[in-house]
Amino acid sequence: LFAGPCEFVAGAATESALPPSDIIEIAFAGRSNVGKSSLLNALTGRRSLARTSQTPGRTQQINFFDLGGRMRLVDLPGYGYAKASKAKVGAWQELIRLYLKGRPVLRRVLVLVDSRHGLKETDIEVMTMLDQAAVVYQVVLTKADKVGASALAQVRETVEASLRKRPAAHPDIAVTSSETRHGIESLRAELAALAEA
Ligand code: GTP
Ligand code: MG
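Analysis parameters
- Residues numbered from 1 in each chain as written.
- Chains lettered and ligands numbered in written order.
- Predicted model: local features only at pLDDT ≥ 70, side-chain atom pairs only at ≥ 80, totals over all residues.
- Near = placed C-beta within 6 Å.
- Helix = DSSP H or I, 4+ residues; strand = E, 2+ residues; numbered from the N terminus.
- Nonpolar A, V, L, I, M, F, W, Y, C, P; charged D, E, K, R; others polar.
- Buried ≥ 20, exposed ≤ 12 C-beta atoms within 10 Å, placed from the backbone.
- Pairing = 2+ DSSP bridges.
- pLDDT = per-residue confidence, 0-100.
- Contact = placed C-beta atoms within 7 Å.

Draft legend 1. Quick peek at the site of ligand 1. Every one of the 24 residues lining ligand 1 counts as a neighbour, but Gly35, Ser38, Thr52, Thr59 and Gly78 are closest to it. Examining the composition of the shell around ligand 1, we find that 3 residues originate from one element, helix α1 (residues 36-44), more than from any other. Taken together, the residues of the shell around ligand 1 sort by class into 3 nonpolar, 15 polar and 6 charged.

Draft legend 2. The arrangement of the environment of Leu191 in detail. Checked against the element boundaries, Leu191 lands in helix α5 (residues 184-196). With 21 C-beta atoms packed within 10 Å, Leu191 lands in the buried category.

Draft legend 3. A look at the sheet that holds strand β1 (residues 6-12). An order of β1-β3-β4-β2-β5-β6-β7 is seen for the 7 strands of this open sheet, with the pairing classed as mixed. Each edge of the sheet is formed by a strand with only one pairing partner; in this case those strands are β1 and β7 (174-175). In the sheet, strand β6 (residues 137-142) pairs with β7 via 2 bridges, with the strands oriented parallel. From the neighbouring strand, Leu141 faces β7, where its bridge partner is Val175.

Draft legend 4. Focus on unusual backbone geometry. The backbone of Asn33 sits at a positive phi, close to 75 degrees, despite the residue not being glycine. Within the element layout of this structure, Asn33 appears in the loop between β2 (25-30) and α1. For Asn33, a count of 23 C-beta atoms within 10 Å puts it in the buried group. Phi is positive for Arg181, which is not a glycine, with a value near 70 degrees. Relative to the helices and strands, Arg181 resides in the loop between β7 and α5. Accessibility expressed as a C-beta count within 10 Å gives 13 for Arg181, which makes it partly exposed.

Draft legend 5. Looking closely at the confidence of the model for the protein chain. For the protein chain, per-residue confidence averages 94 on the pLDDT scale, and 99% of positions sit at 70 or higher. Per the prediction output, this complex has pTM 0.97; the corresponding ipTM is 0.99.

Draft legend 6. Up close: the environment of Thr122. Structurally, the position occupied by Thr122 is in helix α3 (residues 121-132). Thr122 sits in the partly exposed class, given 16 other C-beta atoms within 10 Å. Separated by 92 residues in the primary sequence, Thr122 and Gly30 have C-alpha atoms spaced 8.5 Å apart. If sequence neighbours within four positions are ignored, Thr122 has contacts with Arg31, Tyr79 and Gly80.

Here's what the structure looks like:
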């Protein structure tokens, strides 16, 4: 699936601009700068399909990418701090909320969490909203290349403990680095299996 064609289909800045909900979608959610667009690029093997930046707030609309007509990858703007106006950030948050709660084809949300920082209040809020909407989500620890093995094990344990306290069961935490490509192949296989199911 990930070896085949992948192309940009649509960018939506408002609810009415969302493309029709007709094939399954995997969304990339997380705080600004956590590495959502970079992970999407690493998974598809395209260096600059989704635009990335050192400045939080790079992705300013919901971008949809089609994988061979069988699945869409959905790159969301970051939540939390972003170098953009309050009004703009507020509008993104509302659009993200509408999208995440009202998308029947949404098969899984990847909730990206920086390996150095662990879960933040905004991550917990999104997970609570997804639990309420009965949407499956999987935590992905990003930028694993930035921390040592013991720190990584520790953050993983803390996130696992926090997930165990939540109402629903969730897929296992994934650990990735878009830099070294650690964990990319196995996440790819896991997501590709969702297109078969
Ligand atoms: P917004 O669209 O602003 O919400 O950000 P984003 O979550 O899409 O993050 P993006 O992919 O643009 O990456 C932000 C910065 O982190 C960029 O400078 C990336 O090069 C860097 N980055 C992303 N993933 C990794 C990683 O796995 N390792 C390292 N070392 N840097 C990474
Ligand atoms: Mg982005």
